[in-house]
Amino acid sequence: MTLSRIGRMTVRRLAWSVPVVVLVSLAVFALAAASPLDPLEAMLGDRYQRLTPEQRAQIGHASGMDAPWWQAWWWWLGDLLQGDLGFSHVFRQPVAEVLAQRVGWTVLLTVPALLLALLLGVVGGVAAGLRPRSWWARTVAGVAMVLQALPPYVLALVGVLLLSVTWGLLPTGGMGRPGEAVTASGLVRHAVLPVTVLALSQVPWLLLAARESVVETAASDAVRGARARGLSPRTVRRGHVVPAALVPVATLVGLRLPELVVGAVIVEEVFAWPGVANALVQAALQLDFPLLAALTTLTTVLVLVGSWAADALHLALDPRVEIDA
C-alpha cells in the first residue's frame, strides 16, 4: 500500500516537475539576456578591446551570441535532448567535462557537512527537547539563534580569522599547498574548515526542529498513554518519544536542500573550493550561457528530488500522512 502511494506521488511529481525544469532553464536565458554585461566581452577578455566592431560582430555571429535569447535557449534545449550540454567559454571545455571534474568535489564538501549538521542538530535538539527547562535547552536555543543570525560568509570569515590567521591551526582555503600535489591528508586538513562552516550554517534549523518535535511528541496522547501503562521513563523516551519525533525532522532535511546549495556556493567561493557551486558563480559573472543553464537546471532537479525524497520518506515512516502532490 505504501509503495503504491509513493509510486502515484512520483508520477504526479514528474508530471509537473518537467515543466518546472523547462521554465527554470528558460528563465536563465531570459534573465541573462537582460543583464547589462556583454557575453562576447566576457568570452574574449582583453582581446575584446583590440578588435574592431566588424570583427566583434563576426565572432558574435559565428558563436551564436547575436541570436535572441529565446533562440539560444531553443538551440541549447535541442542539444540537451541529444546529450550535449554545450561548450563552456569560461573553462574552455565541454560543460559535461566541467561538471564531471567538479561534482565530486562538491559532494566531498556537502555530504560530510550535512552528516555533521545532522549529528550536532539532531543529538543536541533531542537532548534539549527531552529536558526543555534545563540549562542545556536554554544553551541550545541561544546557540541556534546566534548561528541563525550569521550568514554563511560571516561564519566562514570568522573561522578563517580565528583558526587560520590568529591561531594558524588550519589552512585558509584551496585543497593543498600551492605548487604541491593534492594528498589525502592535505585534502582532509583543507576540508575541515569549509565542511565545519557549511555544517554550522545548517545546524540552527535542525536544533530547533528536533527540540520542538520532541516537546510536541512528549505531550501527545500516545506518549501519555505509554506512561499510563507503567512503562519506565527511559523506555518511553527511547521507544515512543524519540522515534516519533524524528519523523518530521527526517522529512525536513530534504526540504532544506536549497539552503544547503546556497550555503555551498558561498563556502566554495570563500575557501576557493573547486566545486560545482564555484563554477556556477563564474558562469553567472561571465555570462557563460550553456554552463549557467546546465548548473541552474541541475540545482533545480536536485531540489525537486530532495522534496520528493522527503515526502516519500514521510509516507514510508508514517503511512497515515496525506500528500496531495
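Nothing here was measured: the structure is a model prediction, and the numbers come from that model. (Residues numbered from 1 in each chain as written. Predicted model: local features only at pLDDT ≥ 70, side-chain atom pairs only at ≥ 80, totals over all residues. Heavy atoms only, no water.)

### Some details on the overall build of the chain
Stage number 1. Each helix and strand in the chain was counted, giving 14 helices and two strands.
Stage number 2. Within the chain, the fraction of its 325 residues that count as buried is 40%.
Stage number 3. Taking the contacts inside the chain whose residues are at least 6 apart along the sequence as the reference set, 72% of them involve residues at least 24 apart. (Helix = DSSP H or I, 4+ residues; strand = E, 2+ residues; numbered from the N terminus. Buried < 20%, exposed > 50% of the residue type's maximum accessible area, 1.4 Å probe, protein only. Contact = heavy atoms within 4.5 Å.)

### Notes on the nonpolar core
Stage number 1. Core analysis: the biggest nonpolar cluster contains 42 residues, and Val197, Leu198, Leu206 and Phe271 have the highest contact counts within it.
Stage number 2. Within the residue set of this core, elements represented by two or more residues are α6 (95-130), α7 (135-149), α8 (152-166), α9 (184-218), α10 (221-228), α11 (233-255) and α12 (257-270).
Stage number 3. If you tally residues by element for this core, the top one is α9, at 14 residues.
Stage number 4. Those residues in contact with Val197 that lie beyond four places of it in its chain are Pro152, Leu155, Ala156, Val267 and Phe271.
Stage number 5. Among the nonpolar cores identified, the runner-up in size contains 22 residues, and Phe29, Val98, Ala279 and Leu291 belong to it. (Core = buried A, V, L, I, M, F, W, Y, C linked by side-chain atoms within 4.5 Å.)

### With respect to the UniProt feature "transmembrane region" (unreviewed entry) in the chain
Stage number 1. Cross-referencing UniProt, the feature "transmembrane region" (unreviewed entry) maps to residues 103-130, 150-170, 191-210 and 289-310 in the present numbering.
Stage number 2. Secondary structure within residues 103-130 divides into 100% helix and 0% strand; the distance between the first and last C-alpha atoms comes to 39 Å.
Stage number 3. The span residues 150-170 carries 71% helix and 0% strand; its end-to-end C-alpha distance comes to 21 Å. (UniProt positions renumbered as here; feature names shortened; annotations may be inferred.)

### Focus on the pattern of salt bridges
Stage number 1. One pass over the full model with this rule turns up two salt bridges.
Stage number 2. The partner of Arg211 in a salt bridge is Glu212, and the shortest N-O contact between them spans 2.7 Å.
Stage number 3. With a shortest N-O distance of 2.1 Å, Arg224 and Asp221 are connected by a salt bridge. Pair noted here: Arg224 and Asp221 are both in helix α10, with a separation of three residues, about one helical turn.
Stage number 4. Taking relative accessible area as the criterion, Arg224 reaches 44% and is therefore assigned partly exposed.
Stage number 5. Residue Asp221 is classed as exposed on the basis of its relative accessible area of 59%. (Salt bridge = Lys/Arg side-chain N within 4 Å of Asp/Glu carboxyl O.)

### Focus: unusual backbone geometry
Stage number 1. In this model, Arg92 sits at a positive phi of 55°, which is unusual for a non-glycine residue.
Stage number 2. Non-glycine residue Ala272 carries a positive phi angle of around 50°.
Stage number 3. Along the chain, the position of Ala272 falls in the loop between α12 and α13 (276-285).

### A look at the packing of α8 against α9
The geometry of a pair of packed helices is captured by two quantities: the angle between their axes and the separation between those axes.
Stage number 1. Direction vectors running N to C along α8 and α9 enclose 140°, while the axes themselves pass 9 Å from each other. Here α8 lies oblique to α9, going by the angle between them. For the crossing formed where α8 meets α9, the hand is right-handed. Taking contact as the criterion, the partners of Pro152, Leu155, Ala156, Gly159, Val160, Leu163 and Ser164 in α8 are, on α9, Leu193, Val197, Leu200 and Ser201.
Stage number 2. A breakdown of the residues in the contact of α8 with α9 according to their chemical character gives eight nonpolar, three polar and no charged. (Axes fitted to C-alpha atoms, helices over the stretch in contact; angles between N-to-C directions. Parallel < 35°, antiparallel > 145°, perpendicular 65-115°, else oblique. Left-handed = near helix turned anticlockwise from the far one by under 90°. Nonpolar A, V, L, I, M, F, W, Y, C, P; charged D, E, K, R; others polar.)

### So, α11
Stage number 1. With 23 residues, α11 ought to run about 33 Å at 1.5 Å a step, and its terminal C-alpha atoms sit 33 Å apart, in line with that.
Stage number 2. Largest kink in α11: about 35°, centred on Val241, with the proline Pro243 one to four residues after it.
Stage number 3. All buried positions along α11 are accounted for by Val236, Val241, Ala245, Val247, Val249, Thr251, Val253 and Gly254. (Expected span 1.5 Å × (residues − 1). Bend = angle between axes of the 7 residues up to and from the residue.)

### Describing the environment of Val90
Stage number 1. Positionally, Val90 belongs in the loop between β1 (87-88) and β2 (93-94).
Stage number 2. Spatially, the C-alpha atoms of Val90 and Leu285 are 9.9 Å apart, while their sequence positions differ by 195 residues.
Stage number 3. Discounting residues that sit within four places of it in the chain, Val90 has contacts with Gln282, Gln286 and Asp288.

### Structural notes on the packing of α6 against α7
Stage number 1. Following both chains from N to C, one finds α6 and α7 inclined at 135°, their axes separated by 8 Å at the closest point. Looking at the two axes, α6 sits oblique to α7. For the pair α6 and α7, the sense of crossing is left-handed. In this structure, α6 uses Gly124, Ala127 and Ala128 to contact α7, whose residues at the interface are Trp136, Ala137 and Val140.

### Remarks on the packing of aromatic side chains
Stage number 1. Scanning the model with the defined rule gives five aromatic pairs in all.
Stage number 2. Here the aromatic rings of Phe29 and Phe289 are separated by 5.7 Å at their centres, their planes lie at 25°, and the arrangement is stacked. Of the two residues, Phe29 is situated in helix α1 (residues 2-33) and Phe289 in helix α14 (residues 289-317); the sequence distance between them amounts to 260 residues. The same class applies to Phe29 and to Phe289, which are both buried.
Stage number 3. For the ring pair Trp135 and Trp136, a centre distance of 5.8 Å and an interplane angle of 85° mean the geometry is edge-to-face.
Stage number 4. Under the relative-accessibility criterion, Trp135 is labelled exposed at 58%.
Stage number 5. Residue classification places Trp136 among the partly exposed residues on the basis of a relative accessible area of 34%.
Stage number 6. Among the aromatic residues, ring-to-ring pairing joins Phe29, Trp76 and Phe289 into one connected group. (Phe/Tyr/Trp six-rings, centres within 6.5 Å; stacked < 30°, edge-to-face > 60°.)

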